[in-house]
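# Secondary and tertiary structure notes
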Amino acid sequence: MSVQAPVIKDLGSSLPESVRRYTPPPRFYPVIATFALFVGMFGAGTIRYEGFSSPQVILNLFVDNAFLIVLAVGMTFVILTGGIDLSVGSVVALSTMIAASTLRAGWPAPLTIIAVLLTGSVLGLLMGLVIHYFEIQPFIVTLAGMFLARGLCYLISVESIPIKNETFTSFAMGTIEVPGGHFITPAVVISLVVLVIAAWALHMTRFGRTVYAVGGSEQSALLMGLAVARTKVGVYVISGFCSSLAGLLFSLYMLSGYSLHAVGMELDAIAAVVIGGTLLTGGSGLVLGSALGVLVLGTIQTFISFDGNLSSWWTKITIGVLLLVFVMIQRIFTRRPA
Amino acid sequence: MTQMSAAPAQATRTAEPVVEMSGVSVSFPGVKALQSVGLTLRPGEVHALMGENGAGKSTLIKALTGVYSIDEGTIIVGGEPRTFSGPAESQAAGISTVYQEINLCTNLTVAENMLLGREPRSFGRIDTREMNRRAGSVLARLGVDIEPRSLLGSHPIAIQQLVAIARAVDIDAELLILDEPTSSLDADEVVKLFEVMRTLRDEGVAIVFVSHFLDQVFEISDRMTVLRNGRLVGEYVTADTTQLQLVQAMIGRELETLEKIERQAEQNTVRATGTPLMEVLDLGRKGSVEAVDLQVFEGEVIGVAGLLGSGRTELARLLFGADAADHGDIQLRARRTKLRTPRQAIDQKIAFSSENRRSEGVIGDLSIADNMVLALQASRGWLRPLPAKTKERLVTQYIDALDIRPTDPHALMRNLSGGNQQKVLLARWLITEPELLILDEPTRGIDIGAKAQIQQLVADLAQQGVSVVFISAELEEVLRLSDRLVVMRDRRKIDERSNDDVSVADVLEIIAGEVRDDA
Amino acid sequence: MRSLTRHTLFWPLLALALLLVVNVIATPSFFSIRIQDGHLYGSLIDILRNGAPTLLIALGMTLVIATRGIDLSVGAIVAIAGAVTCTYLAGSPDEGSVSRAIVAMSLAVGVCVLLGLWNGFLIAVLGIQPIIATLVLMTAGRGLAMLITDGQIITVNNALFKKVGAGFVLGLPVAILIAMAVFAVTAVLTRRTALGMLIESVGINPEASRLAGVRARTITWTVYVFVAFCAGIAGVMIASNTSAADANNAGLFIELDAILAVVIGGTSLAGGRFSLTGTLIGAMFIQTLATTIPTIGIPSETNYLFKAVVVILVCLLQSPKARAALSVRRQSPLLTKGSAA
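Residues numbered from 1 in each chain as written. Chains lettered and ligands numbered in written order. Predicted model: local features only at pLDDT ≥ 70, side-chain atom pairs only at ≥ 80, totals over all residues.

Attention shifts here to the overall build of chain B. A count of helical and extended segments in chain B gives 17 helices and 22 strands. Every one of the 519 residues in chain B was classed for burial, and the buried ones make up 52%. (Helix = DSSP H or I, 4+ residues; strand = E, 2+ residues; numbered from the N terminus. Buried ≥ 20, exposed ≤ 12 C-beta atoms within 10 Å, placed from the backbone.)

Attention shifts here to the interface of chain C and chain B. With 27 residues of chain C at the contact, the number on the chain B side is 37 residues. Listing elements by their share of the side of chain C that touches chain B, those giving two or more residues are α8 (195–204) and α9 (206–211) of chain C. It is α8(C) that provides the largest number of residues to the side of chain C that touches chain B, a total of six residues. (Contact = placed C-beta atoms within 7 Å.)

What follows covers α8(C). With ten of ten residues buried, α8(C) is to be regarded as a mostly interior element. Of all the residues in α8(C), the buried ones are C:L195, C:G196, C:M197, C:L198, C:I199, C:E200, C:S201, C:V202, C:G203 and C:I204. Buried-residue contacts for α8(C) involve α12 (368–380) of chain B together with α2 (43–66), α7 (174–191), α9 and α10 (216–242) of chain C.

Glancing now at the pairing of strand β19 (residues 436–440) of chain B. Residue and element names in this part refer to chain B. Of all five residues in β19, five are buried; the element is thus mostly enclosed. Of the two faces of β19, the one carrying L436, I438 and D440 and the one carrying L437 and L439 are both buried. In terms of strand pairing, strand β18 (residues 350–353) meets β19 through four bridges, oriented parallel. Residue S353 lies in a different strand from β19, and its bridge partner there is L439. Sheet topology note: the β19/strand β20 (residues 467–471) ladder contains five bridges and is parallel. Residue pairing for β20: L439 is matched across the bridge by F470. (Pairing = 2+ DSSP bridges.)

Next up on the list: the interface of chain C and chain A. At the junction of the two partners, chain C supplies 34 residues and chain A supplies 36 residues. Within the residue set of the side of chain C that touches chain A, elements represented by two or more residues are α5 (130–149), α11 (254–264), α13 (303–318) and α14 (320–326) of chain C. Of all the elements, α5(C) adds the most residues to the side of chain C that touches chain A, at twelve residues. Here the side of chain C that touches chain A is built from residues that sort into 23 nonpolar, seven polar and four charged. (Nonpolar A, V, L, I, M, F, W, Y, C, P; charged D, E, K, R; others polar.)

Turning to the sheet that holds strand β13 (residues 278–285) of chain B, a few remarks are in order. Residue and element names in this part refer to chain B. Pairing within the open sheet is antiparallel, and its four strands lie in the order β14-β13-β16-β17. This sheet does not close on itself; its edge strands, each paired only once, are β14 (289–296) and β17 (335–337). Taking each pair of neighbouring strands and ignoring which way they run, the sheet shows an average axis angle of 25°. Both β13 and strand β16 (residues 327–332) contribute to a ladder of five bridges, which runs antiparallel. Its bridge partner being in β16, L281 is matched across the sheet by D329. With respect to the sheet, helix α9 (residues 312–320) is in contact with β13 and β14, its orientation differing from that of β14 by roughly 65°. (Axes fitted to C-alpha atoms, helices over the stretch in contact; angles between N-to-C directions.)

Attention now goes to the confidence of the model for chain B. Residue and element names in this part refer to chain B. Residue-level pLDDT values for chain B average 84, and 90% of them are 70 or greater. Under a pLDDT of 50 for its full length, residues 1–14 has, in the predicted model, 29 contacts with residues more than four places off or in other chains. Low pLDDT, under 50, characterises residues 254–270; the stretch is placed with 25 contacts to residues that sit more than four places away or in other chains. (pLDDT = per-residue confidence, 0-100.)

Another aspect to go through is unusual backbone geometry. Residue and element names in this part refer to chain B. Of the consecutive residues R405 and P406, the connecting peptide bond is found in the cis state with omega at -5°. Mapped onto the elements of the fold, P406 is located in the loop between α13 (388–401) and α14 (418–430). Unusually for a residue other than glycine, K349 sits at a positive phi of about 65°. Note that K349 resides in the loop between α10 (342–347) and β18. Residue classification places K349 among the partly exposed positions, given that 17 C-beta atoms sit within 10 Å.

Put into structure tokens, the structure is as follows:
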């Protein structure tokens, strides 16, 4: 056969087989880049600001961004298929509203949680169905979903509604001690559980592999006889579910429901996914990367809060620049013929 | 219509056909793509499916695999009449298809591509280790030495093709359909592919092989079914058939309903003398055309003959800059020129009408008038719009001259018939007053009246001093119009001769490769 | 062609007419226009004036969408235009002078054109998907605007500048006049030159256009510059209306309204044929809707709900799949022919 073995085969022949053969698969490269970026930024912070390297600062990245991690995980599924979901920010707001208003109406907390998660999933389902079966661009459908969810918020109430339910407040105030006298919140645990489940689903189930296949080439996936319809609709359901779960976490974080919560949060989620190394054209990326992307965004915030002189707008500019850099890298990466 | 040849020696051991299609018709709005076509596939045989563009090969394959539903006819698979509602169902029945444009996902690993949708699982999760092992063993069986865990996209096309076949093999296919698998492979890779095909054949798999390379077909196939214009021409045993017979069956001789067009070329005194309008030397592009030399003189019609995939279209695209050549020289009017974009060619008074009318010519949602002036307008730039009067004059003139229906210049292009669309596209180029007009299959799929008009037009243009490169699958047409004849085969120019008393039979022989030396 | 235009504009017009009727029923004086101090006032005038920035951007967006693109960054560009104008004026010694106002506004629009060049470069030259390419500026743009204003809401006092958004000329609000002027210029540029046809041909069939010698790259680049130019004017207008630059809120979500206006106006997001008149109607529809909802006693914030419904309806009407699903499909019995041997 004309196929040659990998060129540098005998370079490390003295090493044991398992070690010699292990190089990280190329799909990990973008995530490694994001991780390096994160470490680099954090290192810069440590050098520059006193107390930056405290473990609690790192933990706070998770505490303050737990909802965004969940949101970015859902968005990753959608973007992996080559779609986009602009509705997530609004769905977060809607979730806080539903939670706050039902709790105020005296619903028990579990029922409220179910109602919120169901609403988000159903919204995602509807958008997915329209996108797949009517072949309308995800952009415009989820834009409509964004308007719809935001409109529903206002329908519930224009005012901010505080959350006073004991289950919610105690959960919100709750902390989990970690060794070293530091703490995290239950929301962090939830977000990490979501992350692990998502990674497992993407890599260990047929559904997950089909997500990648659809993103790689929908036509091919169809001709391979894969369940394209179910997968395409499925990712929007997942994104809707994650958005509503993120909304619950956000309502815990804010302890209120408000129509103006999470305005523009879809952009943060998309930015986190892109910075995390997922191709916006679909087919390549890891949820772990998206979580790292969230941490990078969080680090930018931390930078600004540590530095009294840096203004808040540098957050946006930095995110924009990072987006640009990653989009350019991706462009070079995808242009190279396969 | 079907002419069954005597049973081949090899197939006597197998009685029951894997697939038997008979009387199959498929129609699309306005088009009868297949009319009463039959196909019989036996285990342990490679069966070539042959025909020119539009003959209905891919429609037949898609009818079999359930991508299209059939209007009439029966499909018997494994002795039972079946109708498949989609590729998934036909796959389940043991029919696997490997398409020309490889339908795999380059962003996944080799093993994943082979087993996607059928991944081995344990405890509800995909057993990656088992998956890689299984993929590896199938690859080993086919003699393909690649790492199952590597990304598919990191391998050359040829390997991807073999992975696609490996995927099909893993399904335990009884029938493997290979739709032009060799079109992007080089000679070594083809050898490898054939080895794999033979291995599978000897294991009893029935294989359908679609290819435009005659040598390959004769090398690998046991039988051939030939289609033409959506109809069955016949089934042949390869060993008993010559290349010439096959080419004749594929191209056919159209009934001479066209009135004989006087060959005006003979009065052309300037032909093949003086400085050529265009001269190319060693022009080529990897994977499309190998080094071609060609001279085009003023007022000369050069006919290009050759089967689909022979490089005839690819050559035309290089001459127009639609694809950039990666080697060779182009001289226009004795000056060296680079043609890297269509725009450069248009500025040099070259025009090109593509064979893919729909995807590379027609702007469906614009009017006839806009479609006609597009090329001229593009070269003027947007700031200098064609004056309304000029535009109207040109448009009505050409609607009239080319007898375009409807005559309303504001009618939308997409509502026109194929023949009228083609005339509008010709008008688009004639309006630019080209000195070299490259026509790739300008008469394909259009009615006989429009065809005659277009042929007449070409003759008139040459008379007026326009040089024409005329490409067509219909040899009568090429011979009728051209002053000089270029024959392409296997991406090379294999013959060039002046068109004096060349007969269709001569050309068929050249294409079939049976005449190698000539004057 | 004329009857076709009429046909494609039928639904948007009908929707707009319906909205107006609802308004007249709710407020009988809706159509009345009164003259006060030589200026025209009335609900219709308000709609036109408040809708002017959206219309401006929607005009540019129409051309972008016609080439199969999209520009998400226009909202951020609006904020930057306001920020540049006000910061320049506030920082100059004679804040109120006419010449300063002209320089400030030209500078703002000039900066926006540069931003358009940037977007166009990413899309036409580097070949990045429009939605991603403009996302960069969408994210960073507001930060840049805040950088310019130093995070403050900058108020200025300049008569000429104030006139652009809030003033009157010949009895008509200047904003309306500007929007109409840009509309007219766009119409002339696209329909009196060959630009419109070339844009459409690139949007409908890029490969066929390339083979016909159309410089698709230049055209794509041009439309992104144009939409940024429009956004720049809109940004100056919005800032002028309040004589202040609010980098956070100026032009927030205006990109979505503009896209909506284009889609409602019958230009498909898939590119190709575009209708500037349709976009005009679409922009007016959105503004009228925003006016109508509080008028008929619904909280104005529910505006979003109606927009969502309208987007979905319009898209379903445009989607061939949805239309096919809605219309009854009849299977015509096929002629049976004798099967061949």
